[in-house]
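# Report on the structure
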Amino acid sequence: METLWSDFLNSEWHDWRGNGRSEDRLEKPAWQERFLSDWHLVASVPMPAEEASAMRHFRERLHLLAVRLADGDGMEDGDWQLLNEHLALDVVNRRLIGEPGAVRLVYVPVMEDWRHVRAEIAVSFGQTLLEGEKARIRVCDNPDCRWIFYDDTRNRTKKYCDEKMCGNLMKVRRFRARKKAGEEQGEES
Ligand SMILES: [Zn+2]
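An unreviewed UniProt entry lists the protein chain under the name CGNR zinc finger domain-containing protein, with Paenibacillus mellifer as the source organism.

What the protein chain contains, in helices and strands, is 6 helices and 6 strands. The linear arrangement of helices and strands in the protein chain, starting from the amino end, is α-β-β-α-α-α-β-β-α-β-β-α. Its C-alpha radius of gyration of 21 Å places the protein chain more than 25% over the 16 Å reference for a compact globule of 189 residues. Principal axes of the C-alpha set define a box for the protein chain whose edges measure 80 × 40 × 35 Å. Taken across its 189 residues, the protein chain has 34% of its residues classed as buried. Taking contacts inside the protein chain between residues at least 6 apart in sequence as the whole, the part at least 24 apart equals 55%. In the structure as shown, the protein chain presents an accessible area of about 11800 Å², 50% of it carried by carbon and sulfur atoms. The centroid of the 30 positive side-chain charges in the protein chain is displaced by 5 Å from the centroid of its 35 negative side-chain charges.

Let us now look at the UniProt feature "domain: Zinc finger CGNR" (unreviewed entry) in the protein chain. Feature annotation in UniProt places "domain: Zinc finger CGNR" (unreviewed entry) on residues 136–179, given in this structure's numbering. End C-alpha atoms of residues 136–179 are separated by 33 Å, and the span's content is 39% helix alongside 14% strand.

Moving on: the environment of P46. Within the element layout of this structure, P46 appears in the loop between α2 (29–38) and α3 (49–70). Classification of P46 by relative accessible area gives exposed; the value is 56%. Sequence-wise, P46 and A30 are 16 residues apart; in three dimensions their C-alpha atoms are separated by 8.8 Å. If we skip the residues at most four places from it in the chain, P46 touches P29 and Q32.

Taken together, the side chains of V92, L96, V103, L105 and Y107 make up a nonpolar region of the molecular surface, amounting to roughly 510 Å² of accessible area. At the level of elements, β3 (92–99) and β4 (102–109) are the ones that each hand at least two residues to the nonpolar patch. Take the nonpolar patch: its biggest share by element is 3 residues, from β4. Relative to the assigned elements, L96 resides in strand β3. Given a relative accessible area of 64%, L96 falls into the exposed group.

Before going further, it helps to spend a moment on the packing of α2 against helix α5 (residues 114–130). Following both chains from N to C, one finds α2 and α5 inclined at 60°, their axes separated by 13 Å at the closest point. Accordingly, the angle class assigned to the pair α2 and α5 is oblique. Along this stretch, α2 crosses α5, giving a crossing that reads as left-handed. Here Q32, F35 and L36 of α2 lie close against α5, whose contacting residues are W114, V117 and I121.

Cut-offs used in this document
Residues numbered from 1 in each chain as written. Predicted model: local features only at pLDDT ≥ 70, side-chain atom pairs only at ≥ 80, totals over all residues. Heavy atoms only, no water. Helix = DSSP H or I, 4+ residues; strand = E, 2+ residues; numbered from the N terminus. Rg over C-alpha atoms; globule rule 2.2 N^0.38 Å. Buried < 20%, exposed > 50% of the residue type's maximum accessible area, 1.4 Å probe, protein only. Contact = heavy atoms within 4.5 Å. Areas by Shrake-Rupley, 256 points an atom, 1.4 Å probe, with all protein chains shown as cover. Lys, Arg positive; Asp, Glu negative; His and termini not counted. Charge placed at Lys NZ, Arg CZ, Asp CG, Glu CD. UniProt positions renumbered as here; feature names shortened; annotations may be inferred. Patch = residues over 30% accessible without salt bridge, like charges linked within 9 Å, V, L, I, M, F, W, Y side chains within 5 Å. Salt bridge = Lys/Arg side-chain N within 4 Å of Asp/Glu carboxyl O. Axes fitted to C-alpha atoms, helices over the stretch in contact; angles between N-to-C directions. Parallel < 35°, antiparallel > 145°, perpendicular 65-115°, else oblique. Left-handed = near helix turned anticlockwise from the far one by under 90°.

Right under this line is the structure:
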């Protein structure tokens, strides 16, 4: 399942086919447009340089946290602080919308910019901790891929970001390794 926070973390892309290629998509205007539009957020494109540096810094820290949680570690004081620091970037107004009987309370950002985007990413990660289960945070088992995702399968057994791509690739690698080991054993005897 794609979440705002995992989409953000995966902007640092590694080629899952294992050719060593990687790409930082965060600073690509096309990625920024797609990201903002998918998550109904508004900010200036291209991202200003100082914002890009703050976004990269946040991504690096949140990535370390996600990997630690995926390894089974718990949240520490500094982790809550990281999320709270980013929540504090945002100022929101509350507004009542609708008619009696069908009233909604909505939070309207005072400023729509990359700071607000960072706060929304922190909210999204917080929601995974609040409503979801941190044990479902996963890193793709293909060491070349390292895609971060939220495992929403019923039996929580999703090991790869994509069974058809990383799943099959790893199956082929295991098959080749077994075959090679078998051949070497054959040579020895
Ligand atoms: Zn993968």
